[in-house]
Amino acid sequence: MRRGEKAVLALIGLVVVGGMVQSAFHVEDKHDRDIPFYSTATPEVAKQAMDVIRDNGCKSCHSLWTLKDVLQSVPAPMLDGIGAIRSEAWLYQYLSATDPQATLPSRLKKEYRMPSYAGLPDEQRRVLAKYLASLQVKDWYLEQTKKAEYEKLTGKEPQK
Ligand code: HEC
C-alpha cells in the first residue's frame, strides 16, 4: 500500500469512528450540524438571482447562505428561509414598491432601511422574487425557532 492510500484509509477510519461517536452521544441533537436552509429554484434561476443580489449589494445588509456576519452593522432580517413566510407575489410587490416601508414599517434609521428597488428592470425583480420565494427552511428548524420564540415571549414551554 502506498503512503497516499494509507492516509486515505486512515481518514476514512476517522470519519467512520467519528460518525459512530457522534451518533452515540448526539442522538437528540442530530440536526445540529445540518444546514436547515434549502432552495427549490432551478440552477438557472438561482444563478440569475444571485447575480442581481451581488450587483445590488443585498448581502451588505442581509445574510444569505452564510452564518450571520458578526461585523454586519445593519440588523436586517436574514433571507435564508424567507420563502417559508413570504409568497412570490408578496416579494415581487415589495421589491417593486417605491416605498417599501409602507408595506413593512421600519424602526431603523433611514440609512439602514430596505431601499426601494422599483428602479430595477422588471425581469430582475421577477427573478429575485421567484428565487427568494424558493428559499425554504426545514420543518425541524422552523419548529425549533417557533418554540424558542414562544419561550422568549412567554417564558414558558409551548403546550403540546
Ligand atoms: C441598506 C440595507 C439593505 C439593503 C442594501 C437591502 N436590504 Fe432588504 N431589508 C433591509 C431591512 C432593514 C429590512 C427590514 C425592513 C426595513 O427595516 O425597512 C429589509 C427587508 C427585506 C425583505 C423583507 C423581509 C421580510 O420580513 O419579509 C426582503 C425580501 C429584502 N429585504 C430583500 C432584499 C434584497 C433582495 C435586496 C437587494 C436587491 C435587499 N433586500 C437590499 C435592509 C436592506
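Please read these numbers as outputs of a predicted model, since none were measured by experiment.

Draft legend 1. Region of interest: the overall build of the chain. Secondary structure summary: the chain contains six helices and two strands in total. Element order for the chain, N to C, with α for helix and β for strand: α-β-α-α-α-α-β-α. Considering only residue pairs separated by 6 or more positions, the chain has 64% of its internal contacts joining residues 24 or more positions apart.

Draft legend 2. Structural context of the site of the ligand. What surrounds the ligand is a group of 27 residues, the closest being Cys58, Cys61, Ala76, Ser106 and Met114. Listed by contribution, the elements that provide at least two residues to the shell around the ligand are α3 (88-96), α4 (100-103) and α5 (122-133). Residues that form the shell around the ligand fall into these classes: 19 nonpolar, six polar and two charged.

Draft legend 3. Examining the nonpolar core more closely. Of all hydrophobic cores here, the largest spans 14 residues; its most connected members are Leu91, Leu95, Leu128, Ala129, Tyr131 and Leu132. Every element with two or more residues in this core is listed here: α3 and α5. Sorting elements by how many residues they give to this core places α5 first, with six residues. Among residues more than four places away in sequence, those in contact with Ala129 are Glu88, Leu91, Tyr92 and Leu95.

Draft legend 4. Expanded view of α3. Among the residues making up α3, those that are buried are Leu91, Tyr92 and Leu95. Buried residues of α3, viewed axially, fall in a sector of 100°; they line one side.

Cut-offs and rules
Residues numbered from 1 in each chain as written. Predicted model: local features only at pLDDT ≥ 70, side-chain atom pairs only at ≥ 80, totals over all residues. Helix = DSSP H or I, 4+ residues; strand = E, 2+ residues; numbered from the N terminus. Contact = placed C-beta atoms within 7 Å. Near = placed C-beta within 6 Å. Nonpolar A, V, L, I, M, F, W, Y, C, P; charged D, E, K, R; others polar. Core = buried A, V, L, I, M, F, W, Y, C linked by C-beta atoms within 7 Å. Buried ≥ 20, exposed ≤ 12 C-beta atoms within 10 Å, placed from the backbone. Arc of directions from axis to C-beta.

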